[in-house]
2 protein chains.
Amino acid sequence: MSERVLVKQLQAREDGPVSVSGWVETVRDQKKVQFVILRDETGAVQLVNPATRPAEDGSEQDAAALALTDLISNLTTGSFLTVTGDLKHDERVKLGGVEIKIASLEVASIAPAELPIAADSALDKRMDYRVVDLRQRRNNLIFRVQTTLEHAMRTYWVERDYIEIHTPKLMSSPSESRAELFQLEYFGDQTAYLAQSPQHFKQMAQAAGFGKVFEIADAFRADPSFTSRHATEFTSIDAEISWIDSHDDVARMQEELLQFAFAAVKEKHGAEIEELFGLEVTVPSIPFPRIPLHEAREIVKARGYEIPRTDGDLDPEGERQVSAYVEETYGHQFVFVTDYHPEIRPYYHMRDPETGLTKSYDLLFKGVEITTGAQREHRVEVLEAQAVEKGLDPAGVQHYVDFFRFGAPPHGGFGMGLARVLMLMLGESSIREVTFLFRGPTRLAP
Amino acid sequence: MSERVLVKQLQAREDGPVSVSGWVETVRDQKKVQFVILRDETGAVQLVNPATRPAEDGSEQDAAALALTDLISNLTTGSFLTVTGDLKHDERVKLGGVEIKIASLEVASIAPAELPIAADSALDKRMDYRVVDLRQRRNNLIFRVQTTLEHAMRTYWVERDYIEIHTPKLMSSPSESRAELFQLEYFGDQTAYLAQSPQHFKQMAQAAGFGKVFEIADAFRADPSFTSRHATEFTSIDAEISWIDSHDDVARMQEELLQFAFAAVKEKHGAEIEELFGLEVTVPSIPFPRIPLHEAREIVKARGYEIPRTDGDLDPEGERQVSAYVEETYGHQFVFVTDYHPEIRPYYHMRDPETGLTKSYDLLFKGVEITTGAQREHRVEVLEAQAVEKGLDPAGVQHYVDFFRFGAPPHGGFGMGLARVLMLMLGESSIREVTFLFRGPTRLAP
């Protein structure tokens, strides 16, 4: 075959023979001339064919020309094809200033006369036909942004000697609670649980002397909620580091990481994001603002919102209020909320001996929690005492505590939901829009 | 705290005060002087302390010095600690030519008097205490090699505009067969299956116009075998590309990818691999040798081995023989075996219209299969006919065929087991050795 040329390469290419492959976005089948807009993963180009119709007087016509015209008349939106033809630069052509005069056209796959969805179909219907939905330019861009974001994060870590690990998703013991847990039969009489987070295992890597680790992988929660921020399966971005003094060492790494990754996205996709999502990506300045939880509650109260929960934590509206305050006061989209009371944190969060509060934080981005980070308790006797204090069965946490029995360094880390970051960065209303194939309580296909 | 210095940074550092953190590898508690070998994720260093013992004549001694000596006498292997002291270059010190005279020592976590395993414990016991096992230098190196290998592969792809996708591991329909499939109850009356491969979904990305995609993620097989090459959960390296002419376009990408990634590993870790694994990493030349299956069978036969299977495929010993032949004849560790008969390939492999054979390959590395690659059949009517021919229920494959109903480009890809590549690259005898936490029929913990 002639070498395939990507649409984005056409503008810089000289006039002459060229071959492009992609799918049909529109066909304008006029009497004297036919136009096809062909899209590939890099852009769209106009193809043109001077139509040859059967002569009204019955006189003979070029058979190949008639056949080509007929083929184009019958092209359906979504059909995949390869076109060879003559590239011509023409500034009158709005779409990139080039067009291709079709010499030959090879159909790889013909789509049905009507596609099942349009760009403005309801979200749930679009998800039924995600294969077609993802052909939209903005949807394609989401996953190119995802690619850049993740690669920048991994590069940040790799350049700093972090080790990439793959922790098992099949576990013999549930995490601290049996809530929201998927379980399955494992070779007859055993029961396996799907990991809700890689946290325990990346902590094991610390006790194994790995120093600094990261993982970007699947996590599972049998969470029956239908909010815009929850999924039963999601991509979790995780890091864990040793020899920290407090959770703030983790926060400092995370803010640097996000600054680095957001800068990479802005540089590579900033203009296209502005065009297709109508917003500018802001590269966050560091340090991010830090606000202790009790101050955050005061701020929310002063703004006139009464948090209904009585446990001292923020609720989603409270989080939005804190972020709004930070945006107004510091012009920042991120804020670390710190100093959570042990009652609203898991038993394994380390506590500050002076204040009694946990050495942990939540990170809010544009009003939504995207991360919990913490220094973990690595001292076995303290860990066991804190588990008992929380009313947990000591036997139930042994599989976890055992990781620290043979020595462990002080350590901590964070977990961050990839889809939440993408959703907020791109101003989307739901993680469903930025997930390749969303999984929820009533969504297990395609 | 004083800034932590990594052991690998000590040699280049001037004499003077320094702080290091790590775990105790050995203690030599002599009467007049104490030595501790401290290891961190980057190396090991000798710590030294002139012992201060209670005076035999009962005269008074420096209390702090007595306490420090006592603390060191009681240090156990595996204990984690931070030491501040005086760095001194001394060429007589075998371990890196430096030592640190201990000024103060802070224990983060004390290990029990005896660790449960040693470097030469049986594999299964080492897996029980993987947290300790992974502290071995060679085990740590495995995961640094893994990090470099994966980052090089992702970099290869990202630089060539591949899109990174995260496909769901929870599926509503099993793959082509119900064999070796984990299933779970999903919100009451639904059944979910754990993905055995991301293949169907990365193919969906092709019909969605993504062009080129990759994913490195978990895959699951309820495989009851206990070989050195099988796991119930493993990390699968996957790529899929559009607009190919045949499986050979996939093979060409894969050989370039492997050459690039092996070169990165050799450059960064070659010397250390030679030291700890006693072998040299070979960066493969491209193109890799290609041998049609029928020729491969002739080669095996000529070497005096009769393949017992009657379906025309190679068996593991046959694969070893083919690789041995290729190594002897071409001096190459890799070989693509091509042109498999449809009977021993899945229904979705595209067939060559001239030969009737599938457009697919297996890639062998040092005698072990690490990949199956193929051009997939993207034409719905051909795909359905091939499924029926294989005796499959057409309804059972609809969830897959549906991806191509609205148009699809010609495409293909491969899946490759990360652990197999690492095992063979490092000359290890089992994927258990190169998996962070192995999962098998009788191994679900830790």
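Residues numbered from 1 in each chain as written. Chains lettered and ligands numbered in written order. Predicted model: local features only at pLDDT ≥ 70, side-chain atom pairs only at ≥ 80, totals over all residues. Heavy atoms only, no water.

Rules: UniProt positions are given in the numbering used here, feature names are shortened, and annotations may be inferred rather than shown by experiment.
By the naming in an unreviewed UniProt entry, chain A goes by Aspartate--tRNA ligase and is assigned to Microbacterium candidum. The Subunit (unreviewed entry) comment attached to chain A in UniProt states, word for word, "Homodimer." Quoted verbatim from the Catalytic activity (unreviewed entry) field of the UniProt record, the comment on chain A reads "tRNA(Asp) + L-aspartate + ATP = L-aspartyl-tRNA(Asp) + AMP + diphosphate".

### Observations concerning the interface of chain A and chain B
Applicable threshold: The criterion used for residue contact is that any of the two residues' heavy atoms lie within 4.5 Å. A quick way to say it: buried area is the sum, across both parts, of accessible area lost when two parts are put together, with a 1.4 Å probe. Within this document, salt bridges are pairs made up of a side-chain nitrogen of Lys or Arg and a carboxyl oxygen of Asp or Glu, the two lying within 4 Å of each other. Pairing of N or O atoms within 3.5 Å defines a polar contact, subject to two protein rules: one partner must be a possible hydrogen donor and the other a possible acceptor, and residues neighboring in sequence count only if both atoms are side-chain atoms. By the criteria applied, helices consist of DSSP H or I runs no shorter than four residues and strands consist of E runs no shorter than two, each listed in order from the N terminus.
If you look at the interface, chain A gives 96 residues, while chain B gives 96 residues. Both sides together, the interface formed by chain A and chain B hides about 7800 Å², and carbon and sulfur atoms give 65% of it. For the chain A face of the interface with chain B, the top three residues by lost area are Trp243, Phe406 and Leu444 of chain A, together amounting to 12%. Between chain A and chain B we count 4 salt bridges in total. Residue Asp161 of chain A pairs with Lys8 of chain B through a salt bridge whose shortest N-O separation is 2.7 Å. Counting every contact that joins chain A to chain B gives 36 residue pairs in polar contact (both at pLDDT 80 or more). Here the side of chain A that touches chain B gets 10 residues from one element, more than from any other, and that element is helix H4 (residues 137-159) of chain A.

### Section: the sheet that holds strand S3 (residues 43-50) of chain B
All names here are of chain B. This is how the line gets drawn: The pairing criterion for strands is at least two bridges between them, as found by DSSP. To obtain each axis, a line is fitted to C-alpha atoms, and for helices this fit is confined to the stretch in contact; angles are then taken between N-to-C directions over 0 to 180 degrees.
Spatial strand order, S1-S2-S3-S5-S4: 5 strands in a closed barrel with mixed pairing. Taking the axes of each pair of neighbouring strands and ignoring which way they run, one obtains an average angle of 50° across the sheet. Where strand S4 (residues 80-89) lies against strand S5 (residues 98-109), 10 bridges are found, and the strand directions are antiparallel. Paired with Leu87 across the strands is Ile100, a residue of S5.

### Some thoughts on the pairing of strand S16 (residues 411-417) of chain A
Residue and element names in this part refer to chain A. Here is the rule we go by: Residue burial is assigned from relative accessible area. The probe radius is 1.4 Å, only protein chains are included, and a residue is buried under 20% of its type maximum, exposed over 50%, and partly exposed in between.
Taking burial as the measure, the 7 residues of S16 include 6 buried ones, the bulk of the element. Pairing of strand S11 (residues 233-242) with S16 involves 7 bridges; the strand directions are antiparallel. Bridging from a neighbouring strand, Glu240 pairs with Gly413 of S16. Pairing of strand S15 (residues 368-376) with S16 involves 6 bridges; the strand directions are antiparallel. Bridging from a neighbouring strand, Thr372 pairs with Gly415 of S16.

### Side note on the packing of aromatic side chains
Quick note on the threshold: Stacked, edge-to-face and tilted labels apply to pairs of Phe, Tyr and Trp rings (six-membered ring for Trp) whose centres lie within 6.5 Å, assigned for plane angles under 30 degrees, over 60, and everything in between, in that order.
Within this structure, the stated rule accounts for 50 aromatic pairs over all chains. A centroid spacing of 5.6 Å and a plane angle of 25° characterise the contact between Phe288 of chain A and Phe336 of chain A, whose relative ring orientation is stacked. Placement of Phe288 of chain A in the loop between helix H6 (247-277) and strand S12 (290-292) and of Phe336 of chain A in strand S13 (residues 334-338) is noted, with a sequence separation of 48 residues between them. Pairing Phe262 of chain B with Phe334 of chain B gives two aromatic rings, centres 5.7 Å apart and planes at 70°, and the pair type is edge-to-face. Residue Phe262 of chain B is located in helix H6 (residues 247-277), and its partner Phe334 of chain B is located in strand S13 (residues 334-338); the two are separated by 72 residues in the primary sequence. Residue Phe262 of chain B is classed as buried on the basis of its relative accessible area of 1%. Linked through ring pairs, Phe201, Tyr347, Tyr348, Tyr400, Phe403 and Phe404 of chain A together constitute an aromatic cluster.

### Brief notes about the sheet that holds strand S2 (residues 33-40) of chain A
Residues and elements named next belong to chain A. Judged by pairing direction, the barrel is mixed, and its 5 strands sit side by side in the order S1-S2-S3-S5-S4 before closing back on the first. Adjacent strand axes in the sheet meet at a mean angle of 50° when their direction is disregarded. In the sheet, strand S1 (residues 16-29) pairs with S2 via 6 bridges, with the strands oriented antiparallel. Counted as the bridge partner of Asp29 is Gln34 from S2.

### Observations regarding the UniProt feature "binding site: ATP" (unreviewed entry) in chain A
All names here are of chain A. Within this numbering scheme, the UniProt entry marks Glu369, Gly417, Leu418, Ala419 and Arg420 as carrying the feature "binding site: ATP" (unreviewed entry). A compact arrangement is adopted by the annotated residues: their sequence extent is 52 residues, whereas the largest C-alpha distance between any two is 11.9 Å. Looking at the secondary structure, you find Gly417 in strand S16. Using a relative accessible area of 17% as the deciding quantity, one classes Gly417 as buried. Beyond its immediate sequence surroundings of up to four residues, Gly417 is in contact with Thr235 and Ile370. In this structure, Arg420 sits in helix H11 (residues 418-425). Contact partners of Arg420, with chain neighbours within four places excluded, come to Arg229, His230, Val368, Glu369, Ile370 and Ile431. There is a polar contact of 3.2 Å between the side chain of Arg420 and the backbone oxygen of Arg229.

### Remarks on helix H5 (residues 199-207) of chain A
Residues and elements named next belong to chain A. Within H5, 9 of the 9 residues are buried, which leaves it mostly tucked inside the rest of the structure. When H5 is considered as a whole, its buried residues turn out to be Gln199, His200, Phe201, Lys202, Gln203, Met204, Ala205, Gln206 and Ala207. Just beyond H5, the residue with positive phi is Gly209, at close to 80°.

### Observations regarding the nonpolar core
The test is simple: What is meant by a nonpolar core is a set of buried Ala, Val, Leu, Ile, Met, Phe, Trp, Tyr and Cys residues, joined one to another through side-chain atoms within 4.5 Å.
Formed by 82 residues in total, the largest nonpolar core has its most connected members in Leu149, Trp157 and Phe436 of chain A together with Phe210 of chain B. Here the element with the most residues in this core is H6 of chain A; it accounts for 11 residues. Apart from residues no more than four positions distant in its own chain, Phe436 of chain A is found in contact with Arg130, Leu134 and Phe143 of chain A together with Ile165, His166, Thr167, Phe201, Met204, Ala205 and Phe210 of chain B. The next biggest cluster of nonpolar side chains, apart from the first, holds 81 residues, and it includes Ala408 of chain A together with Tyr156, Phe334 and Leu424 of chain B.

### Quick notes on the packing of H4 of chain A against H11 of chain A
When two helices pack together, their arrangement is given by the angle between the helix axes and by the axis-to-axis distance. Residue and element names in this part refer to chain A. To keep it simple, the criterion reads: Orientation is classified from the angle alone, with under 35 degrees giving roughly parallel, over 145 giving roughly antiparallel, 65 to 115 giving roughly perpendicular, and any other angle giving oblique. Left-handed describes a crossing in which the near helix is turned anticlockwise from the far one by less than a right angle; the clockwise case is right-handed. Residues are grouped as follows: nonpolar covers Ala, Val, Leu, Ile, Met, Phe, Trp, Tyr, Cys and Pro; charged covers Asp, Glu, Lys and Arg; every other residue, Gly included, is treated as polar.
Where H4 contacts H11, the two axes come as close as 11 Å, and the packing angle between them is 120°. Between H4 and H11, the crossing angle belongs to the class labelled oblique. Two packed elements cross with a definite hand, and for H4 against H11 that hand is right-handed. Along its contact with H4, which presents Ile142, Val145, Gln146, Leu149 and Glu150, the element H11 presents Leu418, Val421, Leu422 and Met425. Taken together, the residues of the contact of H4 with H11 sort by class into 7 nonpolar, 1 polar and 1 charged.

### Here's the deal with the relation of the copies chain A and chain B
Spelled out, the test is: When the copies are overlaid, the least-squares fit takes in C-alpha atoms only where the residue has pLDDT of at least 70 in both copies.
Overlaying chain A on chain B yields an RMSD of 0.0 Å, the required transformation being a rotation through 180° with an accompanying axial translation of 0.0 Å. Those values place the two copies in the arrangement expected of a two-fold rotation axis. Residues of chain A ranked by C-alpha distance from the rotation axis are headed by Leu184 of chain A, positioned 2.5 Å from it. Interface overlap between copies is the fraction of interface residues in one copy that are interface residues in the other; for chain A against chain B it reaches 100%, indicating a shared surface.

### Some details on unusual backbone geometry
All names here are of chain A. The step from Ile286 to Pro287 runs through a cis peptide bond, and the omega angle for that step is 0°. Along the chain, Pro287 falls in the loop between H6 and S12. Positive phi, close to 50°, is recorded for Phe187, a residue that is not glycine. You can see Phe187 is positioned in the loop between strand S8 (183-186) and strand S9 (190-194). Positive phi outside glycine occurs at Asp339, with the angle close to 60°. Here Asp339 shows up in the loop between S13 and strand S14 (360-365). Taking relative accessible area as the criterion, Asp339 reaches 27% and is therefore assigned partly exposed.

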